[in-house]
Amino acid sequence: MKKVKKVLSVLTATALVATLAACGGTSGTADKDSGAASGGDKLKKITLFQSKVEITEPLEALVKTYKEETGNEVEVWGAAGDAYSQQLVAKLGSNQGPTIFSVAPGPESEKLKSYFTDLSGEEYVKNIAPDMELKVEDKTVGVPYGVEGFGLVYNKDLVDPANVKDLDSFTKLLEQMKAEGKNGLSLSQEAYFLIGHILNTPFALQSDPLAFIDQLNKGEVKMADTKEFQEWAKFMDAIKANAKNPMEVKYDSQMGDFATGKTAMVHQGNWSYSMLADFGDMDSKIGMMPFPLAGNDKLAVGVASYWVINNQADADEVKAANAFLNWLFTSDTGKKAIVDDFKFIPALTNIEAGNLDPLSQAVHEATNSGQTIPWALNYFPSGIITNDLAPATQEFFMNKDMTGEQFLQKLDEVWAKASK
C-alpha cells in the first residue's frame, strides 16, 4: 500500500489545482475546535454526505448523540441508489455541496481534489496509521473510514485453507463440492462482486501495479500476454465449469446460501459479516483466506473511502466540520461507534480494534503483519468496472462456448476502448 500511496501523491502533485483553501487550521485550531465540540461556543450546522449505505442508520444515531453531547448539529444526507458519485459531483458543481463528504481513492479523488481542505495541521489526523491517509502534494486531505479487505470467505466445515494453495487444489475443491451437490465458490452478479474484486489480484501481484495499469491504459501491455492474468483466466474457467452461474446469483442469496452451508466459499470482504450475522452465530464457522492465484498468500487490504472537508464551505462550516471529525476520532463515543456500530476496522492508531468478527480479525491481522496486497482496482479508469468489465464478464458466464483465454482477450478489448 505504501508504494500505491507514494505514486498517488506524485500523480496528484502534477495536476493539482493551484489553490486548495488554506482553512484546515493548525494544531492550535484543532484544540480550540475540540473545546467547542465538547461544550464551548455553538458551532455552525454542517451537512454530511457519504457513500456507505450500511452505516447510514448508525451514523444518523451518532449525530444525534453528538448534538446531545456538544449542542452542535450535523445533517446526514442520503444517496439514492448507486448514484452517490454522480449526485456528489452535481451538488459540488452547483455550489450546494455538503460540508463533509466521502471520496474513494483513485480516479474519484483525483477528479475532486480541488474541493479538498488541507487537514495536515489538525490533531486528529496525526493518529492515522502509516500510509493510510489521503494525500495531495504531501498534504493530508482525507481521513480513512477504516481498512477493509477481501479474499475467499470460507466455511470451515467444508474447506481447509491449507489445502487450497494454487490452481490445481482450487479446481479440485470446486470439483469435489460439485460432486457433493454444493457450490464450491460463489460470485454474484453485482459488478464489483462479479469481476471488480476478483480481477484485483493479478493486477496487485504485478511488481508495480500502478505502472502496469498506466501501461495498459497506453496500450503498451496486454492482460492476455501477462502470466498472472493467463493463470487467472484458468481460475475463471474452473469457476465457470464447476460453480453456479453468478448471473443467477444476487448478493443476498449468495450470502444466504453460504450461511446455510450450500456454498463452500464466496469471494467477498469483511463487510459481508453483517449479513452473515443475521443467520446466527457464525464466528466459529467462517474464516477468510487469500485468493491463491500464482501462490498468493496475502489478503487484499485497502481504504475504500475517506472523509474530506469541502473547501468551498465557509470558514465557520470548515471549523465545525473539523470539530465533528475531531470528536468522531478522539472521543470515547466516536471511537466506540466506529468499531461497534459502523463495524469498521480502525485505520487510526488511537482506536483499539476491540472484539472483531472473524473476517475483520483476519484483515486486521494481515494489516498488522504486512501480509497484504493493494487494492489496485482503485486506480482502474473511472467507471470501467461497472460500464465495461462487468458486461464482458456477463458475456463470459452466459456464453457456454467462451473460454477463459477468449474472456481475457475481451477484457483487453473493452479496456482499450474505455481508457481512450
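Per an unreviewed UniProt entry, the chain is named Raffinose/stachyose/melibiose transport system substrate-binding protein, and its organism is Paenibacillus lactis.

A.B. asks: Mind showing me how you'd approach the packing of aromatic side chains here?
C.D. replies: Any two aromatic rings considered together are summarised by their centre-to-centre distance and by the angle between their planes. One pass over the structure, following the stated rule, counts 26 aromatic pairs. When the centroid spacing of 6.0 Å and the interplanar angle of 85° are considered together, the rings of phenylalanine 170 and phenylalanine 291 count as edge-to-face. Of this pair, phenylalanine 170 sits in helix H6 (residues 167-179) while phenylalanine 291 is found in the loop between strand S9 (286-289) and strand S10 (299-302), placing the two residues 121 residues apart along the sequence. Judged on exposure class, the residue phenylalanine 170 and its partner phenylalanine 291 are both buried. Connected via pairs of aromatic rings, a cluster forms that spans Phe150, Phe193, Tyr251, Trp271 and Trp375. Note that lysine 91 overlies the ring of phenylalanine 49, its terminal NZ or CZ placed 5.5 Å from the centroid. The ring of phenylalanine 396 carries lysine 240 above its face, with NZ or CZ at 4.3 Å from the centroid.

A.B. asks: Please clarify how the sheet that holds strand S5 (residues 139-144) should be interpreted in this entry.
C.D. replies: Working definition: the strands of a sheet are paired by backbone hydrogen bonds and lie parallel or antiparallel to each other. Across the sheet, which stays open at both edges, the six strands sit in the order S2-S1-S3-S11-S5-S4 with mixed pairing between neighbours. Of all strands in the sheet, those with a lone pairing partner are strand S2 (74-77) and strand S4 (134-136), marking the two edges. When the angles between neighbouring strand axes are averaged without regard to direction, this sheet yields 30°. Here helix H3 (residues 56-70) sits on the sheet in contact with strand S1 (46-49), S2 and strand S11 (306-309), set at roughly 170° to S2. Across the sheet, helix H4 (residues 84-93) is in contact with S1, S2 and strand S3 (100-103); its angle to S3 comes to roughly 135°.

A.B. asks: Could you clarify how one ought to interpret the pairing of S3 in this entry?
C.D. replies: Two faces, one strand: in a regular strand the side chains alternate between the faces of the sheet. Here S3 shows two buried faces, one formed by Ile100 and Ser102 and the other by Phe101 and Val103. In this sheet, S11 lies alongside S3 in antiparallel orientation, the contact comprising four bridges. Bridge pairing in S11 places valine 103 opposite tyrosine 306.

A.B. asks: Would you mind going over H3 with me for this structure?
C.D. replies: Structural remark: α-helix, 3.6 residues per turn; residues separated by three or four positions point the same way. For H3, with 15 residues, the first-to-last C-alpha span of 21 Å sits near the 21 Å given by 1.5 Å per residue. Among the residues making up H3, those that are buried are Leu59, Leu62, Val63, Tyr66 and Thr70. Each buried residue of H3 sits inside an arc of 100° when the element is viewed along its axis, so together they form one side. Seen from the open side of H3, the exposed residues pointing more than 90 degrees away from its buried face are Glu57, Lys64 and Glu68.

A.B. asks: Explain helix H15 (residues 358-369) here, please?
C.D. replies: Taking 1.5 Å of rise per residue, the 12 residues of H15 would be expected to cover 16 Å, and the 16 Å separating its terminal C-alpha atoms lies within 8% of that figure. Along H15, the residues classified as buried are Pro358, Leu359, Ser360, Ala362, Val363 and Ala366. Regarding H15, its N-cap is aspartate 357, as a side-chain oxygen of that residue lies 2.9 Å from the backbone nitrogen of leucine 359 further along. Glycine 370 occupies a position one or two residues after H15 and carries a positive phi of about 80°.

A.B. asks: I'm lost on the side chain of asparagine 155 in this one. Help?
C.D. replies: Here asparagine 155 shows up in strand S6 (residues 148-155). With relative accessibility at 11%, the residue asparagine 155 sits in the buried group. Polar contacts involving the side chain of asparagine 155 include one to the main-chain amide nitrogen of aspartate 157, which spans 2.8 Å. If sequence neighbours within four positions are ignored, asparagine 155 has contacts with Phe258, Gly261, Thr263, Ala264 and Lys285.

A.B. asks: Can you walk me through the pairing of S5 in this structure?
C.D. replies: Most of S5 is tucked away: five of the six residues are buried. For S4 and S5, the ladder comprises three bridges, and the chain directions are antiparallel. Bridge pairing links lysine 135 to threonine 140 in S5. Linking two consecutive strands that pair antiparallel, namely S4 and S5, is a turn of two residues; a positive phi of about 50° is found at glutamate 137 within it.

A.B. asks: Just checking my understanding: could you explain the nonpolar core for this structure?
C.D. replies: Phe203, Trp232 and Met265 are the most contacted members of the largest nonpolar core, which totals 132 residues. Tallying contributions element by element places helix H13 (residues 315-330) first for this core, with nine residues. Two domains each provide a minimum of three residues to this core, namely domain 1 (46-146 + 304-349) and domain 2 (148-302 + 362-417).

Parameters at a glance
Residues numbered from 1 in each chain as written. Predicted model: local features only at pLDDT ≥ 70, side-chain atom pairs only at ≥ 80, totals over all residues. Heavy atoms only, no water. Phe/Tyr/Trp six-rings, centres within 6.5 Å; stacked < 30°, edge-to-face > 60°. Helix = DSSP H or I, 4+ residues; strand = E, 2+ residues; numbered from the N terminus. Buried < 20%, exposed > 50% of the residue type's maximum accessible area, 1.4 Å probe, protein only. Lys NZ or Arg CZ within 6 Å of the ring centre and 35° of its normal. Pairing = 2+ DSSP bridges. Axes fitted to C-alpha atoms, helices over the stretch in contact; angles between N-to-C directions. Contact = heavy atoms within 4.5 Å. Expected span 1.5 Å × (residues − 1). Arc of directions from axis to C-beta. Polar contact = N/O pair within 3.5 Å; in protein donor to acceptor, adjacent residues only side chain to side chain. Core = buried A, V, L, I, M, F, W, Y, C linked by side-chain atoms within 4.5 Å. Domains from an automatic or database assignment.

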